[in-house]
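# Inside the fold
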Amino acid sequence: MDIRAERTRSMLKGALEELLEEKPIEDISVSELCGRSTVRRATFYRHFDDKYAFIEWYLTTLTDRFLEEIGVPAEDMGLREYVETMHRKLIVFLGEHRSWFMRTMGRGAVAGSLDMIMGEIAVGVAAKVAEEVEAGRVDSAVDSEFVSLFYAGGMVHTLRRWMLTGEPFPTDKIVAESTEFLMRYLGQ
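A brief structural summary. (Residues numbered from 1 in each chain as written. Predicted model: local features only at pLDDT ≥ 70, side-chain atom pairs only at ≥ 80, totals over all residues. Heavy atoms only, no water.)

This brings us to the environment of tryptophan 162. Tracing the sequence through the fold places tryptophan 162 in helix α8 (residues 144-165). Dropping the residues within four chain positions of it, tryptophan 162 is found in contact with Arg98, Glu167, Pro168, Phe169, Pro170 and Ile174. (Helix = DSSP H or I, 4+ residues; strand = E, 2+ residues; numbered from the N terminus. Contact = heavy atoms within 4.5 Å.)

Glancing now at the packing of aromatic side chains. The description of two aromatic rings rests on the distance between their centres and on the angle between their planes. Per the stated rule, a full pass over the model turns up eight aromatic pairs. Linked through ring pairs, Phe44, Tyr45, Phe48, Phe54 and Trp57 together constitute an aromatic cluster. (Phe/Tyr/Trp six-rings, centres within 6.5 Å; stacked < 30°, edge-to-face > 60°.)

Attention shifts here to the pattern of salt bridges. Here the structure, examined in full by the defined rule, presents nine salt bridges. A salt bridge links lysine 128 to glutamate 131; the nearest nitrogen and oxygen atoms lie 3.0 Å apart. In this pair, lysine 128 and glutamate 131 both sit in helix α7 (residues 108-134), three residues apart, roughly one turn of the helix. Here lysine 128 falls in the buried class, since its relative accessible area comes to 1%. Between arginine 137 and glutamate 132 there is a salt bridge; the shortest N-O distance is 3.0 Å. With a relative accessible area of 47%, arginine 137 lands in the partly exposed category. (Salt bridge = Lys/Arg side-chain N within 4 Å of Asp/Glu carboxyl O. Buried < 20%, exposed > 50% of the residue type's maximum accessible area, 1.4 Å probe, protein only.)

Right, let's talk about the nonpolar core for a bit. Ranked by size, the top nonpolar core spans 33 residues in total, and within it Leu90, Ile121, Val125, Leu159 and Leu186 carry the most contacts. Listed by contribution, the elements that provide at least two residues to this core are α4 (51-70), α5 (79-96), α7, α8 and α9 (171-185). Excluding residues within four positions of it along the chain, leucine 159 makes contact with His87, Leu90, Ile91, Leu94, Phe169 and Ile174. The next biggest cluster of nonpolar side chains, apart from the first, holds 18 residues, and it includes Ile25, Val30, Phe54 and Trp57. (Core = buried A, V, L, I, M, F, W, Y, C linked by side-chain atoms within 4.5 Å.)

Structural data, given as structure tokens:
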């Protein structure tokens, strides 16, 4: 991508984040995005088919940012430490972006973002569970894909509940109880 395209996308992203502080995502128009960012409509449409394509791109960049922030050297950790570290980082990330998630909660956009994040969490957990199975520390009958999807889905939906209530995240409680749930299931 060239520098101008990066600059355009960055300006639109900044405008979206500002507008989300004022109104829900479905009430934001391409005209408002362009006006706030000083990007011409023709330029917007050169990069994106419509508002929804732009939002999808934005969600992908948000998910990528999450993955960079959560990036933990899984090979250096046991399953319990990996899951606890990843979960804490997810809570911190959602806390830092709570305003955005709250303004889009329950809408297709946030569901897509949470699905992407859940998918990435599931991939990481599945790899760690498979590693534990291979090392003989977990029963070989365990389906690592099922376990990881179940765990990641439960984790994301639990955090969604706290976001919807507006209560602060009881981080230690969420991390301890969800990790214990997973470890008990795996016989650890």
